[in-house]
Amino acid sequence: MTRERIISGKPISPEEDTFTWSLRPKTLKEYIGQNTVVKKLLISLEASGIRGEPQEHLLLHGPPGLGKTTLAYIVSREMGTRLVTTTGPTLSKIADLMGIMTNLDNRDVLFIDEIHRLPTAVEEFIYPAMEDFRVDFIVDKGPFSKVINVPLKRFTLIGATTRVGLLSAPLRDRFGITYHLDFYSHDEMKEIVVRSAGMLDIKIDKEGADIIASSSRGTPRIANRLLRRARDYAIVKADGNITGEVARKAFDLEGIDSLGLDDLDRILLKVIIDYYKGGPVGIEAVAATLSEEVNTLEEMVEPYLLKIGFLIRTKRGRMVSQEAYKHLGIPFTVSGQASLFA
Ligand code: ADE
């Protein structure tokens, strides 16, 4: 089943993508949060600039909506070069990538989103490009086949993935730098909401920003989406100002609670509680009960529930924590949970 979730970390439409693009920070200085990553990137960029070399290949991983594409864009801007973007699943043929790579200039940035979904043949084609800035192109088949060596300019590859565990070791090892992006803190989210509201001329008070920040699952893309929903509600049902009360009412209407959980999160937790005594239970069983894809649950639902400690991952499967029972208003009894040691 595919559901449209307002609290999804992925873009929900091309229009939204264009809109969010306008709000993205353009420099590392403007960037809010991910402080360690930003500090390390600043040093790395400055060093590569001094050496007159391209930035080392960079792998960014973490849940959707946290700024992987934005960082790639910033890196190319800071280097004053072009950014060429593509995605793993769209690079189905070697020829597609060949065209892209041979057009890259020195220090250009090639950004491959969802790099864990590259076809194997394309992935292997990238190895010499990353290591030696050349590609090996095989022409003809059989006894007359030969390898043509095509040199490339010294570009930087930035790969992004929500599933770093699915990357093959040879590909992972070819990135000089790997950074993990984590969910943003409440204060960082608040700062991002206030910044976006300022850029969009939206009036919002401290409580309004607070409610949007707590409902955005530590994810800027969700915050910017919720900000627009709250603005619409404020225009229609209030005086145009986003107060705490206005934001709360707007999100109640969307089924988003005080922690940013929506129906799918609550259903997942309740299924584990009602059908599996709170766990432990395998994700496959939960997915089957919910008629959802395992992938959707692993990428779009679980990370935040794990982050806030509502789900606990054990060797024998997922368990719902006592805090989650409390949040859902369901009495917690130890005997209600299947024992971990049974
Ligand atoms: N908008 C979206 N992500 C942002 C970030 N990390 N800093 C500032 N503005 C943002």
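In this report, we go over the structure that sits alongside the text. (Residues numbered from 1 in each chain as written. Predicted model: local features only at pLDDT ≥ 70, side-chain atom pairs only at ≥ 80, totals over all residues. Heavy atoms only, no water.)

## So, the side chain of T161
Logical step 1: Along the chain, T161 falls in strand β6 (residues 156–161).
Logical step 2: Side chain to side chain, T161 and H116 meet in a polar contact 2.7 Å long.
Logical step 3: Contact partners of T161, with chain neighbours within four places excluded, come to L59, L60, H61, G62, K68, I115, H116 and L167. (Helix = DSSP H or I, 4+ residues; strand = E, 2+ residues; numbered from the N terminus. Polar contact = N/O pair within 3.5 Å; in protein donor to acceptor, adjacent residues only side chain to side chain. Contact = heavy atoms within 4.5 Å.)

## Looking at empty space enclosed by the protein
Empty pockets left among the atoms are what a rolling probe the size of a water molecule brings to light.
Logical step 1: Counted according to the given criterion, the structure contains one cavity of 30 Å³ or more.
Logical step 2: Of the pockets and cavities examined, the largest cavity occupies roughly 110 Å³.
Logical step 3: Along its surface, the largest cavity is lined by 15 residues, and G9, F183, R217, E299 and M300 are the ones closest to its centre.
Logical step 4: If you tally residues by element for the lining of the largest cavity, the top one is helix α13 (residues 294–307), at five residues.
Logical step 5: Its residues assigned to classes, the lining of the largest cavity shows nine nonpolar, three polar and three charged.
Logical step 6: Of the residues that make up the lining of the largest cavity, three or more belong to each of domain 2 (186–254) and domain 3 (263–333). (1 Å grid on protein atoms, 1.4 Å probe; cavity = no way out; pocket = protein on both sides within 12 Å on 5 of 7 lines; lining within 4 Å. Points joined across faces, edges and corners; volume = space filled by probe spheres on them. Nonpolar A, V, L, I, M, F, W, Y, C, P; charged D, E, K, R; others polar. Domains from an automatic or database assignment.)

## Thoughts on the site of the ligand
Logical step 1: The local shell around the ligand consists of L23, P25, E30, Y31, I32, Y184, I192, R195 and P220.
Logical step 2: In this structure, a nitrogen atom belonging to the ligand sits 3.0 Å away from a side-chain N or O atom of R195.
Logical step 3: In the complex, the protein chains occlude 95% of the 260 Å² of accessible area that the ligand would expose alone.
Logical step 4: Its residues assigned to classes, the shell around the ligand comprises seven nonpolar, no polar and two charged. (Near = heavy atom within 4 Å. Areas by Shrake-Rupley, 256 points an atom, 1.4 Å probe, with all protein chains shown as cover.)

## Considerations on the pattern of salt bridges
Logical step 1: For the structure shown, the criterion picks out 23 salt bridges.
Logical step 2: Note that R117 and E114 form a salt bridge whose closest N and O atoms lie 2.8 Å from each other.
Logical step 3: Residue classification places E114 among the partly exposed residues on the basis of a relative accessible area of 25%.
Logical step 4: Residues D263 and R266 are paired through a salt bridge, measuring 3.0 Å at the closest nitrogen-oxygen approach. Remark: R266 and D263 occur in helix α11 (residues 263–276); sequence separation between them is three residues, near one turn of the helix.
Logical step 5: Taking the relative accessible area as the measure of exposure, R266 reaches 16% and is therefore buried.
Logical step 6: The network of salt bridges with shared partners includes K10, R163, E298, E299, E302 and R318. (Salt bridge = Lys/Arg side-chain N within 4 Å of Asp/Glu carboxyl O. Buried < 20%, exposed > 50% of the residue type's maximum accessible area, 1.4 Å probe, protein only.)

## Describing the packing of aromatic side chains
The description of an aromatic ring pair uses the distance of the two centres, along with the angle that the planes make with each other.
Logical step 1: Applying the stated criterion to the full structure yields four aromatic pairs.
Logical step 2: Their ring planes at 35° and their centres at 6.4 Å tell us that Y275 and Y276 sit as a pair that is tilted.
Logical step 3: On the basis of relative accessibility, which here comes to 57%, the residue Y275 falls in the exposed class.
Logical step 4: With 4.9 Å between their ring centres and 80° between their planes, Y325 and F332 make a pair best called edge-to-face.
Logical step 5: Among the residues examined, Y325 registers a relative accessible area of 4% and is labelled buried.
Logical step 6: Residue F332 is classed as partly exposed on the basis of its relative accessible area, which comes to 26%. (Phe/Tyr/Trp six-rings, centres within 6.5 Å; stacked < 30°, edge-to-face > 60°.)

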